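So the chains spell out like this:
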Amino acid sequence: MVKNAFFQEINGNFGFGCMRLPMNGDEVDFDQFNQMIDKFIASGLNYFDTAHGYINGKSELAIAKCLSGRYDRSKFLLADKLTDVFFNKQEDIRPFFMNQLEWCGVEYFDFYLMHAQNKDNYKKFKACQAYETAYELKKEGYIKHLGLSFHDSADVLDMILTEHQEVEFVQIQFNYVDYEDASVQSRKVYDVCVKHNKPVVVMEPVKGGSLVNLPQDADAIFREMGDMSNASYALRFAASFPQMTMVLSGMSTMEQMEDNLSFMADFKPLDENEMGAVAKVTGIFKNLNLIPCTGCRYCVEENHCPKNIRIPDLFSAKNAHEAFHDWNAGMYHDIVCQDNGKASDCIKCGKCEHVCPQHLPIRDLLVTVAETFE
Ligand code: SF4
Ligand code: SF4
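Cut-offs applied
- Residues numbered from 1 in each chain as written.
- Chains lettered and ligands numbered in written order.
- Predicted model: local features only at pLDDT ≥ 70, side-chain atom pairs only at ≥ 80, totals over all residues.
- Heavy atoms only, no water.
- Helix = DSSP H or I, 4+ residues; strand = E, 2+ residues; numbered from the N terminus.
- Rg over C-alpha atoms; globule rule 2.2 N^0.38 Å.
- Buried < 20%, exposed > 50% of the residue type's maximum accessible area, 1.4 Å probe, protein only.
- Contact = heavy atoms within 4.5 Å.
- Areas by Shrake-Rupley, 256 points an atom, 1.4 Å probe, with all protein chains shown as cover.
- Lys, Arg positive; Asp, Glu negative; His and termini not counted.
- Charge placed at Lys NZ, Arg CZ, Asp CG, Glu CD.
- Phe/Tyr/Trp six-rings, centres within 6.5 Å; stacked < 30°, edge-to-face > 60°.
- Lys NZ or Arg CZ within 6 Å of the ring centre and 35° of its normal.
- Right-handed = clockwise from strand over helix to strand, strands pointing away.
- Pairing = 2+ DSSP bridges.
- Near = heavy atom within 4 Å.
- Nonpolar A, V, L, I, M, F, W, Y, C, P; charged D, E, K, R; others polar.
- Domains from an automatic or database assignment.
- Buried area = accessible area lost by both parts, 1.4 Å probe.
- Salt bridge = Lys/Arg side-chain N within 4 Å of Asp/Glu carboxyl O.
- Core = buried A, V, L, I, M, F, W, Y, C linked by side-chain atoms within 4.5 Å.
- Axes fitted to C-alpha atoms, helices over the stretch in contact; angles between N-to-C directions.

S.K.: Help me understand the overall build of the protein chain, please; the structure alone is not making it clear to me.
M.R.: Scanning the protein chain from terminus to terminus reveals 15 helices and ten strands. The C-alpha radius of gyration of the protein chain comes to 20 Å, within 12% of the 21 Å expected for a compact globule of 374 residues. The C-alpha extent of the protein chain, read off along each of the three principal axes, is 55 × 50 × 45 Å. For the protein chain, buried positions account for 55% of its 374 residues. Taking as baseline every contact in the protein chain between residues at least 6 positions apart, the subset at least 24 positions apart corresponds to 75%. Of the roughly 16,300 Å² of accessible surface on the protein chain, 49% is carried by carbon and sulfur atoms. Taking the average location of the 36 positive side-chain charges in the protein chain and that of its 54 negative ones, the two points are 3 Å from each other.

S.K.: It is not clear to me how the packing of aromatic side chains should be interpreted in this structure. Could you clarify?
M.R.: One pair of aromatic rings is described through two measures. These are the centre distance and the angle between the planes. Counted by the stated rule, this structure contains 26 aromatic pairs. Ring geometry for F237 versus F241: centroids 5.3 Å apart, planes at 70 degrees, classification edge-to-face. Of the two residues, F237 and F241, both sit in the buried class. Within the aromatic cluster, the residues linked to one another by ring pairs are F174, Y176, Y179, Y190, F237 and F241. Taking the ring centre of Y108 as reference, the NZ or CZ of K144 above it sits at 4.5 Å.

S.K.: I keep staring at the pairing of strand β5 (residues 77-82) and nothing clicks. Help me out?
M.R.: Two faces, one strand: in a regular strand the side chains alternate between the faces of the sheet. The buried fraction of β5 amounts to six of the six residues, a majority that puts the element mostly inside the structure. With helix α2 (residues 58-68) bridging strand β4 (residues 47-49) and the parallel β5, this β-α-β connection has right-handed handedness. In this sheet, strand β6 (residues 109-117) lies alongside β5 in parallel orientation, the contact comprising four bridges. Across the sheet, the residue bridging to L82 is M114, located in β6.

S.K.: Just checking my understanding: could you explain the site of ligand 2 for this structure?
M.R.: Neighbouring ligand 2 are 13 residues; C293, C296, R297, C299 and C356 lie closest to it. Along the lines of polarity and charge, the residues of the shell around ligand 2 split into nine nonpolar, three polar and one charged.

S.K.: Would you mind showing me how to read the site of ligand 1 here?
M.R.: Taken together, the neighbourhood of ligand 1 is formed by 14 residues, with C305, C346, C349, G350 and C352 sitting nearest. A breakdown of the residues in the shell around ligand 1 according to their chemical character gives nine nonpolar, two polar and three charged.

S.K.: Quick question: what am I supposed to make of the domain arrangement of the protein chain here?
M.R.: How big an interface is tends to be stated in terms of the accessible area lost upon association of its parts. For the protein chain, the assigned domains are domain 1 (5-286) and domain 2 (298-373). The C-alpha-based centres of domain 1 and domain 2 are spaced at 25 Å. Each partner contributes residues to the interface: domain 1 has 16 residues there, and domain 2 has ten residues. Summed over both partners, the interface of domain 1 with domain 2 comes to about 1,000 Å²; 51% of that surface belongs to carbon and sulfur atoms. Seen at the junction of domain 1 and domain 2, the total is zero salt bridges.

S.K.: Just to check I follow, could you spell out the nonpolar core for this structure?
M.R.: Soluble, globular proteins show a tendency: their nonpolar side chains are buried together. Counting 116 residues, the largest nonpolar core has F16, F33, F48, M114, L148, Y176 and F315 as its most contacted members. Per-element accounting of this core gives the leading share, seven residues, to helix α9 (residues 230-239). No fewer than three residues from each of domain 1 (5-286) and domain 2 (298-373) sit in this core.

S.K.: Could you clarify how one ought to interpret the sheet that holds strand β9 (residues 200-203) in this entry?
M.R.: Adjacent strands of a sheet pair through backbone hydrogen bonds, lying either parallel or antiparallel. Spatially, the eight strands close up into a barrel ordered β1-β4-β5-β6-β7-β8-β9-β10, and their pairing is parallel. Between one strand axis and the next, the sheet turns through 30 degrees on average, direction left out of account. Against the sheet, helix α10 (residues 254-264) makes contact with β1 (14-17) and β10 (244-249), and its axis sits at roughly 165 degrees relative to β1, the strand it touches most.

S.K.: Which parts of the structure should I look at to understand the pattern of salt bridges?
M.R.: With the rule as written, the count across this model stands at 23 salt bridges. Across the pair D158 and K195 runs a salt bridge whose closest N-O atoms are separated by 3.0 Å. Placement of D158 in helix α6 (residues 154-163) and of K195 in helix α7 (residues 186-195) is noted, with a sequence separation of 37 residues between them. In this structure K195 comes out as exposed when scored by relative accessible area, which is 58%. Notably, a salt bridge pairs D191 with R187, separated by 3.5 Å at the nearest N-O pair. With D191 and R187 both in helix α7 and four residues apart, this pair spans about one turn of that helix.

S.K.: What is the right way to read the pairing of β9 from this model?
M.R.: A two-sided burial pattern is seen for β9, the buried positions comprising V200 and V202 on one face and V201 and M203 on the other. Across four bridges, strand β8 (residues 169-173) lies against β9 in parallel orientation. Residue I172 lies in a different strand from β9, and its bridge partner there is V202. Here three bridges tie β9 to β10, and the two strands are oriented parallel to one another. Counted as the bridge partner of V200 is M244 from β10.

S.K.: Quick question: what am I supposed to make of unusual backbone geometry here?
M.R.: Of all residues except glycine, most have a negative phi; of all peptide bonds, most are trans. One non-glycine residue, R297, adopts positive backbone phi at about 70 degrees. As for its placement among the helices and strands, R297 is situated in the loop between α11 (272-287) and α12 (311-323). The residue K348 is not glycine, and still its phi comes out positive at about 60 degrees. In this fold, K348 is placed in the loop between α13 (329-337) and α14 (351-355). The partly exposed category is assigned to K348, whose relative accessible area is 44%.

Now the structure itself:
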């Protein structure tokens, strides 16, 4: 990993992604979050990442209660984001940003990102002068470093970075399954960051958990290598590339945090043998043809689905059915649908597809879910 001058203040190369926090029902489990934060900071690490959409605004509020409310500001670095659904014109951006500072209980953000940039929403960011507004906030000291997070093809990133050279870093989806994937294009997107000399922050290193719960034959390959967890191969794969500055992990239990810290607090890149095992697992995974949903839940939060269809949970049931021949998948599907819409209730309005960072054809995929389970 390399660090340019902007990132000297980050300790280590491992960040706490606050999209999937420990929960008690619908509320963040503050006690457990406190303990996880304490453990993380005691391990010498300091990078936290949130966004207003995470857990319907509860992630930012939990940051205020458990992090900024309990630690001196010099002890942590905080990244937050501007998401397209929270503004419609340039004048909306500054008040929303000021609210974000208040929700998080801080007076500045160390890192602020134009969120989930793609060809479509970039037009809105441009029309509303979002980059220019964020740059003004930076000049006023409310933002230390300006970046973007990205979900589209490499040529779109190349265009944005050419038009906005003031962007200091880029957050990308990067994991061993998406590395050569034709739609996610992790490798090509990473190469564009190298071309523009931008430090890279990695999101989705375990592909929303898919690379932790591996199918049996893939799991067996890592078990033969020793007792390191499946997550360890995924995170270390992403962190092994020289332009990577930070790998984010969305941890929701202390157990996950302890496992992640066991190999990231004192990081070593994958060796040749381990890279070989990762290549074999990638081959098995690709043959399964799973739905590449990362479980980010953007499509179900903020009332995106008028039929209240729990899209990622249905996709998860479908993947469990295909990958693990899970006898429970049908029962899990029925539980998900108990108080919510089922796949065949979809009225094909397309609202979910508009916000899906993976650009999934959700309406068509729901047809296959209905065929499998209903
Ligand atoms: S297309 Fe279907 S699943 Fe998507 S938001 Fe509309 S009703 Fe819900
Ligand atoms: S379908 Fe798309 S938006 Fe919904 S959880 Fe999956 S990846 Fe996220």
